[in-house]
Amino acid sequence: MNTEPDEIAVVGAGLAGCLLACFLARRGHRVALYERRPDPRTGRVERGRSINLALSERGLDALRRIGLDGQVMADALPMRGRMIHPVAGEPQFQPYSAAGDRAINSISRGALNNALLSAADALPGVRTAFDHRLVGLDPATGEMTFETPQGKVTAAAPVVLGADGAGSAVRGQLLAYGVLGESLDFLDYGYKELTIPPLGGDFALDPAALHIWPRGTSMMIALPNPDRSFTCTLFWPTHGTASFASLTSPAAIERHFATHYPDLVPLAPNLVDDYQHNPVGVLGTVRCAPWQAHRVCLLGDAAHAIVPFYGQGANCAFEDVVELDRCLDERGEDWAAALPLFQARRQANAEAIARMALANFVEMRDKVASPVFQARRRVEHALERALPGRYVSQYELVSFSTTPYSDVRRRVRRQHRALGTVAAGAAALLAGAVGAAVTRGRRR
Ligand SMILES: Cc1cc2nc3c(=O)[nH]c(=O)nc-3n(C[C@H](O)[C@H](O)[C@H](O)COP(=O)(O)OP(=O)(O)OC[C@H]3O[C@@H](n4cnc5c(N)ncnc54)[C@H](O)[C@@H]3O)c2cc1C
């Protein structure tokens, strides 16, 4: 294979890999973008593979830097809050922000990937190689082996950046060479997608909300698509009662949905077919260290895949790219200095959002339906209005700012401590007042 000696290799033309190719090419680097799949712009779509995703401020910030935000946002569907669907009764809307004006955006994953790929392709110095599955990598020399329809080919690069997703082959090679350790924590839950088609040519549900059916130990969510359909995602236990494994026959599937998701049934005519034919995806957290060894570095899901319950995996992967770009700036294009700096700056942030995402699963599937949780959210929004900029909710900081994730956790803990002090002070004052009243009562 023909490779240029100074060509940086990016493995994986997914969301992070394509964005990275754009950033690197803008810095004047030559980039080879290797992807195991055929060119996705040729039209083949995998069934049931996370069709849409929620893009928020961190992802948008990255897209703005390469001037792609306008194009991507043209088809975005802003969702200003959660619509909670109880088993019985009317859905309730819970706004994301105090003023109800801030929104996360439902975006087609395929359209976003294609937009990034075309943007990368259009830049001078970017070469794309589809149908190239990385199967071998020597981290010390940068020599790579790919399986292609024509057989195995090799290539070499001075720097290899692994943006090949949660099951990263680049990470696997670093592991095989003994230069990296990893831990994979899978949930006992999987996910499966279903479709709500348009109803009479329009959205069957309110498209300005992310819909949630919280059911205690499991849940379903639905995000709108530009074609006026919704993609629902079931997050259910993989095994045990009321799990993907236990629910297989058409009659049992129909019964289960009629009992637990009754308002979905009339809206989803292909429910049983979708359920029976769409795959169950796995959910887990990938942790590894170091992210960087010799001339190889991981980023995006390859370095730190997280569970999807905060809608931040892609946003976080985009932030990685922005940070790597910043590190190259600060270290004057010296990769040997920039890569360790990148890891040092991003690792704690990846861990922080991994933990928040896991915690958000409990919030979404269970707490959002509780009156106590709803009252707490109202108090939080009241505090945000009363103390603008001084009290900011965790959701707001994660989704509507670029505050580093680890600072978000610290700040939220600080706010809670301060509120605890205020509450304790108020309680003490109240106790004092009650005590005085009791004493006065006794004297009378
Ligand atoms: C159900 C679900 C819902 C989600 N919802 C959201 C959301 O709302 N918001 C959000 O921000 N994130 C969401 N995410 C997370 C998001 O999808 C990921 O964080 C994001 O795709 C990571 O991007 P990436 O480029 O690192 O990896 P990927 O998008 O997985 O891209 C990896 C690329 O590498 C290629 N590749 C893999 N192996 C090889 C190989 N050996 N050789 C060459 N190429 C290879 C793959 O084909 C792919 O193109 C969700 C995830 C799931 C599962």
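Up top you'll find the structure we're talking about.
Here we summarise the structure given alongside this text. (Residues numbered from 1 in each chain as written. Predicted model: local features only at pLDDT ≥ 70, side-chain atom pairs only at ≥ 80, totals over all residues. Heavy atoms only, no water.)

From N to C terminus, the protein includes 13 helices and 19 strands. In terms of overall dimensions, the protein has a C-alpha envelope of 95 × 55 × 40 Å along the principal axes. Taking all 444 residues of the protein together, the buried fraction comes to 50%. Considering only contacts in the protein between residues 6 or more positions apart, those separated by 24 or more positions represent 69%. For the protein, the exposed area adds up to about 19700 Å²; of that, 54% sits on carbon and sulfur atoms. One way to put it: in the protein the 48 positive side-chain charges average out to a point 11 Å from where the 45 negative ones average out. (Helix = DSSP H or I, 4+ residues; strand = E, 2+ residues; numbered from the N terminus. Buried < 20%, exposed > 50% of the residue type's maximum accessible area, 1.4 Å probe, protein only. Contact = heavy atoms within 4.5 Å. Areas by Shrake-Rupley, 256 points an atom, 1.4 Å probe, with all protein chains shown as cover. Lys, Arg positive; Asp, Glu negative; His and termini not counted. Charge placed at Lys NZ, Arg CZ, Asp CG, Glu CD.)

With that settled, consider a nonpolar patch on the surface. The grouping of Leu-184, Phe-186 and Val-282 at the surface amounts to a nonpolar patch, some 320 Å² of accessible area in total. Secondary-structure assignment places Val-282 in strand β17 (residues 281–289). (Patch = residues over 30% accessible without salt bridge, like charges linked within 9 Å, V, L, I, M, F, W, Y side chains within 5 Å. Salt bridge = Lys/Arg side-chain N within 4 Å of Asp/Glu carboxyl O.)

In this structure, strand β5 (residues 81–84) lies alongside strand β6 (residues 92–95), joined through 4 bridges in antiparallel fashion. In the strand pairing of β6, Ile-84 is matched with Gln-92. Both β5 and strand β14 (residues 210–214) contribute to a ladder of 3 bridges, which runs parallel. Bridged to Ile-84 within β14 is Ile-212. (Pairing = 2+ DSSP bridges.)

Take the nonpolar core next. Counting residues in hydrophobic clusters, the biggest one holds 74 residues, and the most contacted among them are Leu-116, Met-144 and Leu-161. Counting residues per element, this core draws most heavily on helix α1 (residues 15–26), which supplies 10 residues. With residues up to four places along the chain from it excluded, the contact list for Leu-116 reads Leu-15, Cys-18, Leu-19, Cys-22, Leu-63, Ile-66, Leu-68 and Phe-318. One finds Ile-306, Tyr-310, Cys-316 and Val-398 within the second-largest nonpolar core, a separate group that totals 36 residues. (Core = buried A, V, L, I, M, F, W, Y, C linked by side-chain atoms within 4.5 Å.)

We now examine the packing of α1 against helix α2 (residues 57–65). With their axes 10 Å apart at the nearest point, α1 and α2 run at an angle of 35° to one another. In this structure, the crossing between α1 and α2 has a hand that is left-handed. Of the residues in α2, those in contact with Leu-19, Phe-23 and Arg-26 of α1 are Ala-62, Leu-63 and Arg-65. Broken down by class, the residue content of the contact of α1 with α2 amounts to 4 nonpolar, no polar and 2 charged. (Axes fitted to C-alpha atoms, helices over the stretch in contact; angles between N-to-C directions. Left-handed = near helix turned anticlockwise from the far one by under 90°. Nonpolar A, V, L, I, M, F, W, Y, C, P; charged D, E, K, R; others polar.)

Looking now at helix α11 (residues 371–386). Over its 16 residues, α11 runs 22 Å from end to end, which matches the ideal 22 Å to within 8%, given 1.5 Å per residue. Every buried residue of α11 is listed here: Phe-373, Gln-374, Arg-377, Glu-380, His-381, Leu-383 and Glu-384. (Expected span 1.5 Å × (residues − 1).)

As paired elements, strand β9 (residues 133–138) and strand β10 (residues 143–148) share 5 bridges and run antiparallel to each other. Of the residues in β10, the one forming a bridge with Leu-137 is Met-144.

Here the focus is unusual backbone geometry. For residues besides glycine, phi is generally negative; the peptide bonds are generally trans as well. Of the consecutive residues Ala-289 and Pro-290, the connecting peptide bond is found in the cis state with omega at -10°. Relative to the elements of secondary structure, Pro-290 occurs in the loop between β17 and β18 (292–293). The phi dihedral of Asp-131 is positive, around 55°, even though this residue is not glycine. Inspection of the secondary structure assignment puts Asp-131 in the loop between β8 (126–129) and β9. Look at Asp-131 and you get partly exposed, because its relative accessible area is 30%. If you check the backbone angles, His-294 has positive phi at about 50° while not being a glycine. Structurally, His-294 is set in the loop between β18 and β19 (296–298).

Residues in contact with the ligand amount to 31 residues; listed here are only the nearest, Ala-16, Glu-35, Ala-54, Arg-109 and Asp-301. In this structure, an oxygen atom belonging to the ligand sits 2.8 Å away from a main-chain N or O atom of Ala-16. Between the ligand and the protein, one listed contact pairs an oxygen atom with a side-chain N or O atom of Arg-109 at 2.5 Å. Here the ligand has 1000 Å² of accessible area as a free molecule, and 90% of this is covered by the chains. Residue assignment for the shell around the ligand shows that the elements contributing at least two residues are α1, β3 (52–55), β9 and α9 (313–330). The element best represented in the shell around the ligand is α9, accounting for 3 residues. Per-class residue counts for the shell around the ligand are 13 nonpolar, 10 polar and 8 charged. (Near = heavy atom within 4 Å. Polar contact = N/O pair within 3.5 Å; in protein donor to acceptor, adjacent residues only side chain to side chain.)

It is worth spelling out the packing of aromatic side chains at this point. Within a pair of aromatic rings, the relevant descriptors are the distance that separates the centres and the angle that separates the planes. If you walk through the whole model with that rule in mind, you get 17 aromatic pairs. Ring pairing ties together the aromatic residues Tyr-189, Tyr-191, Phe-235, Phe-309 and Phe-361, which thus form one cluster. Over the ring of Phe-361 we find Arg-365, and its NZ or CZ is 4.6 Å from the ring centre. (Phe/Tyr/Trp six-rings, centres within 6.5 Å; stacked < 30°, edge-to-face > 60°. Lys NZ or Arg CZ within 6 Å of the ring centre and 35° of its normal.)

Of note, Asn-349 is situated in helix α10 (residues 335–365). Under the relative-accessibility criterion, Asn-349 is labelled buried at 7%.

Burial in α2 covers these residues: Arg-58, Gly-59, Leu-60, Asp-61, Ala-62 and Leu-63. Remark: Gly-67 follows α2 within two positions and exhibits a positive phi of approximately 70°.

Turning to the sheet that holds strand β16 (residues 230–237), a few remarks are in order. If you walk across this open sheet you meet the 7 strands as β6-β5-β14-β15-β16-β13-β17, and the pairing is mixed. The open sheet terminates on both sides in strands that have one partner only, identified here as β6 and β17. With strand direction ignored, the average angle separating the axes of adjacent strands in the sheet is 25°.

Before going further, it helps to spend a moment on the packing of α1 against α9. With their axes 9 Å apart at the nearest point, α1 and α9 run at an angle of 25° to one another. Relative to α9, α1 is oriented roughly parallel. Once α1 is placed against α9, the crossing between them reads as right-handed. Touching Leu-15, Ala-16, Leu-19, Leu-20, Phe-23 and Leu-24 of α1 are Ala-314, Ala-317, Phe-318, Val-321, Val-322, Leu-324, Asp-325 and Leu-328, all from α9. Tallied by class, residues from the contact of α1 with α9 come to 13 nonpolar, no polar and 1 charged. (Parallel < 35°, antiparallel > 145°, perpendicular 65-115°, else oblique.)

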